[in-house]
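Observations on the model geometry
The chain contents come next:
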Amino acid sequence: MLFWQVEELDHLDKSISRSSYTRRIIEIINNIKKQRDEINNILADTRELQKEINSLEGELGRAFSVTDELIFADCKKHDINRSIYKNLAKLHETFSGLLSAIRETGAIVRENRDLEDQIEKEMKKATSANLQRIESDCNAMRQENRVLMAKYKISDQ
């Protein structure tokens, strides 16, 4: 009779853990699908923003070229246009520096975000390891309790 109960207990434990593992795997798969969709949306937004930035930079470059040509052509006719041309060149240089600073700031922000994500992942790993250890300890205690209960029931008979 004890042999039959031990077999039933082993079978019961395996079926419970198998279903919990299956449920957990399904949850993980669903989470991965959600994350993949979110990542794809973010990538699409990023591509759209990059296209818009490139378009605006192109417009800015063309506007500067046209203005530069017009003012340069008039520099020969009027002395005041020389100072305007110099100011335009300084303005263009300043805005180029500003765009470079914005790009560098964006790169730093992305790097910072990546580092924060890595920190979060590492913290989750530690939490996950602790959770696994706690679950393992809990399962071991349940098993010990079942064994003790089985022994107690047999000794009462």
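Note: the structure precedes this text.
Report follows, based on the coordinates.

Quick notes on the rules
- Residues numbered from 1 in each chain as written.
- Predicted model: local features only at pLDDT ≥ 70, side-chain atom pairs only at ≥ 80, totals over all residues.
- Heavy atoms only, no water.
- Helix = DSSP H or I, 4+ residues; strand = E, 2+ residues; numbered from the N terminus.
- Buried < 20%, exposed > 50% of the residue type's maximum accessible area, 1.4 Å probe, protein only.
- Areas by Shrake-Rupley, 256 points an atom, 1.4 Å probe, with all protein chains shown as cover.
- Polar contact = N/O pair within 3.5 Å; in protein donor to acceptor, adjacent residues only side chain to side chain.
- Contact = heavy atoms within 4.5 Å.
- Salt bridge = Lys/Arg side-chain N within 4 Å of Asp/Glu carboxyl O.

**A closer look at the overall build of the chain**
Of the regular secondary structure elements, the chain holds 2 helices and 0 strands. In the chain, which comprises 157 residues, the share counted as buried stands at 4%. Roughly 14,000 Å² of accessible area belongs to the chain as shown, and the carbon and sulfur atoms make up 59% of that amount.

**Looking at the side chain of N81**
Here N81 lies in helix α2 (residues 80-156). The exposure class of N81 is buried, given its relative accessible area of 13%. Engagement of the side chain of N81 in a polar contact is seen with the backbone oxygen of D74, the distance being 3.1 Å. Once you skip the residues sitting within four places of it in the chain, N81 turns out to touch I71, D74 and C75.

**Observations concerning the pattern of salt bridges**
A complete count under the given rule lists 2 salt bridges for this structure. The residue E27 makes a salt bridge to R24 at a minimum N-O spacing of 3.3 Å. Here R24 and E27 lie together in helix α1 (residues 2-75), a separation of 3 residues that amounts to about one turn. Residue classification places E27 among the partly exposed positions, given a relative accessible area of 37%.

**A word on the environment of I84**
Examined against the element boundaries, I84 turns out to sit in helix α2. Taking relative accessible area as the criterion, I84 reaches 37% and is therefore assigned partly exposed. For I84 and I71, which are 13 residues apart along the polypeptide, the C-alpha to C-alpha distance reads 7.5 Å.

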